[in-house]
Amino acid sequence: SQQGEEDPQALSIQEGENATMNCSYKTSINNLQWYRQNSGRGLVHLILIRSNEREKHSGRLRVTLDTSKKSSSLLITASRAADTASYFCATDAGAGKSTFGDGTTLTVKP
Amino acid sequence: DTEVTQTPKHLVMGMTNKKSLKCEQHMGHRAMYWYKQKAKKPPELMFVYSYEKLSINESVPSRFSPECPNSSLLNLHLHALQPEDSALYLCASSQVRQGAKGGKAFFGQGTRLTVV
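The structure presented is a predicted model; accordingly, all values stated were derived computationally and were not measured. (Residues numbered from 1 in each chain as written. Chains lettered and ligands numbered in written order. Predicted model: local features only at pLDDT ≥ 70, side-chain atom pairs only at ≥ 80, totals over all residues. Heavy atoms only, no water.)

Peer 1: Could you clarify how one ought to interpret the overall build of chain B in this entry?
Peer 2: The helix and strand tally for chain B stands at 0 helices and 11 strands. Element order for chain B, N to C, with α for helix and β for strand: β-β-β-β-β-β-β-β-β-β-β. Scaling as 2.2 N^0.38, a compact globule of 116 residues should have a C-alpha radius of gyration of about 13 Å, and chain B matches this with 14 Å. Buried positions account for 47% of the 116 residues belonging to chain B. Partitioning the contacts of chain B with sequence separation of at least 6, the portion at a separation of at least 24 is 56%. (Helix = DSSP H or I, 4+ residues; strand = E, 2+ residues; numbered from the N terminus. Rg over C-alpha atoms; globule rule 2.2 N^0.38 Å. Buried < 20%, exposed > 50% of the residue type's maximum accessible area, 1.4 Å probe, protein only. Contact = heavy atoms within 4.5 Å.)

Peer 1: What is the right way to read the side chain of H45 of chain A from this model?
Peer 2: Residue placement: H45 of chain A occurs in strand β5 (residues 43-50). Ignoring any residue separated from it by four or fewer positions in sequence, one finds H45 of chain A in contact with Q33, W34 and Y35 of chain A together with K104 and A105 of chain B.

Peer 1: How do you make sense of empty space enclosed by the protein when you look at a structure like this?
Peer 2: Rolled over the atoms, a probe with the dimensions of a water molecule shows which regions are left empty. Residues and elements named next belong to chain B. By the definition in use, this model includes 1 cavity of 30 Å³ or more. There is about 30 Å³ of room inside the largest cavity. Lining of the largest cavity is provided by H29, R30, A31, M32, Y49, Y51, E52, C68, N70 and S71. Secondary structure elements with two or more residues in the lining of the largest cavity: β4 (31-37) and β7 (64-70). By residue class, the composition of the lining of the largest cavity is 5 nonpolar, 3 polar and 2 charged. (1 Å grid on protein atoms, 1.4 Å probe; cavity = no way out; pocket = protein on both sides within 12 Å on 5 of 7 lines; lining within 4 Å. Points joined across faces, edges and corners; volume = space filled by probe spheres on them. Nonpolar A, V, L, I, M, F, W, Y, C, P; charged D, E, K, R; others polar.)

Peer 1: Explain the sheet that holds strand β6 (residues 55-58) of chain A here, please?
Peer 2: What holds strands together in a sheet is hydrogen bonding between their backbones, with the strands either parallel or antiparallel. Residue and element names in this part refer to chain A. The antiparallel open sheet is built from 5 strands, whose spatial order is β1-β3-β8-β7-β6. Lying at the two open borders of the sheet, with one neighbouring strand each, are β1 (5-7) and β6. Each adjacent strand pair in this sheet contributes to an overall mean axis angle of 15 degrees, direction not counted. With 3 bridges connecting them, β1 and strand β3 (residues 19-24) associate as antiparallel partners. Considered in β3, the bridge of E6 is made with C23. (Pairing = 2+ DSSP bridges. Axes fitted to C-alpha atoms, helices over the stretch in contact; angles between N-to-C directions.)

Peer 1: Would you take a moment to explain the sheet that holds strand β3 (residues 18-25) of chain B for this structure?
Peer 2: All names here are of chain B. Spatially, 4 strands are ordered β1-β3-β8-β7 in an open sheet, and the strand pairing comes out antiparallel. Of all strands in the sheet, those with a lone pairing partner are β1 (4-7) and β7, marking the two edges. Strand-to-strand twist in this sheet, taken as the mean axis angle between neighbours without regard to direction, amounts to 20 degrees.

Peer 1: Can you walk me through the pattern of salt bridges in this structure?
Peer 2: Pairs may arise between side chains of opposite charge once their charged atoms sit close together. In the structure shown here, the tally under the stated rule is 6 salt bridges over all chains. The salt bridge partner of R60 of chain A is D83 of chain A, with a shortest N-O separation of 2.9 Å. Remark: D83 of chain A occurs in the loop between β8 (71-76) and β9 (85-92) and R60 of chain A occurs in the loop between β6 and β7 (61-66); sequence separation between them is 23 residues. Two residues, E52 of chain B and R30 of chain B, come together in a salt bridge whose shortest N-O distance is 2.8 Å. Here R30 of chain B lies in the loop between β3 and β4 and E52 of chain B lies in the loop between β5 (44-50) and β6 (53-57), a separation of 22 residues in the sequence. Residue class for E52 of chain B comes out partly exposed when judged on its relative accessible area of 27%. Where salt bridges share partners, they join K36, R63 and D85 of chain B into one cluster. (Salt bridge = Lys/Arg side-chain N within 4 Å of Asp/Glu carboxyl O.)

Peer 1: Quick question: what am I supposed to make of the nonpolar core here?
Peer 2: The nonpolar side chains of a soluble globular protein tend to be buried with one another. Counting residues in each nonpolar core, the largest one holds 23 residues, and the members touching the most others are W34, F64, L76 and L78 of chain B. Of all the secondary structure elements, the ones that give two or more residues to this core are β2 (10-13), β3, β4, β5, β7, β8 (73-79), β9 (87-94) and β11 (111-115) of chain B. The contact partners of L76 of chain B, leaving out residues within four places of it in the chain, are K19, S20, L21, W34, M46, F47, F64, S65, P66 and Y89 of chain B. In this structure, A19, M21, W34 and L74 of chain A belong to the second largest nonpolar core, which totals 22 residues. (Core = buried A, V, L, I, M, F, W, Y, C linked by side-chain atoms within 4.5 Å.)

Peer 1: Explain the state of the cysteines here, please?
Peer 2: Two cysteines joined by a covalent bond between their sulfur atoms form a disulfide. Residues and elements named next belong to chain A. In this structure the tally under the stated criterion is 2 disulfides over all chains. Shown here is the disulfide that connects C23 with C89, its sulfur atoms set 2.0 Å apart. The sign of the S-S torsion, about 65 degrees, decides the handedness of the disulfide formed by C23 and C89: right-handed. Placement of the pair is C23 in strand β3 and C89 in strand β9, with a sequence separation of 66 residues. (Disulfide = S-S within 2.5 Å.)

Printed below as a string of structure tokens:
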């Protein structure tokens, strides 16, 4: 079973608005990553946050990590139609593998 | 070169066929992965190779047989598959993970497999 749970499952917003997605996990982790997947294609790595970090920025992306609550959030600011995709969190608990959350499907309307 | 190349992009095979999926990367990564992804679901890890040796097999049925002939190539041999094995098969590579430093994986575009 997947370790991560994401909410919401689906999110629909207007271009220019911000989008926030949340991820919860169950076990201790080394780091947590966020990936984007356009329809039926490969995943693209967006950002990695280590277990000793609380917040990280990359362009329009802001990721937070709360290890006490075992949760992370991904904020996309000033969204664009091209941001329409599925977004997955993936937790790295060691042993060389990542476990993906269920994903959030984001639709940005022009 | 930051690409992971998977071939073929699409594959239709019968339940008695034998076929192979191929994956190639030239980023010097020594960890390579196979994932299976069903529609509207997250990727599920199947196998992990570390330094060309199988390090993780997530209880995958023996009709899936991975092979890592060298540090750049990863194959997935398919035999006697079932219709429920139809899915997107994703290959990925990364640096060998060491605690908090590891994690960033590069994915190929996947092979869309249909078993008839």
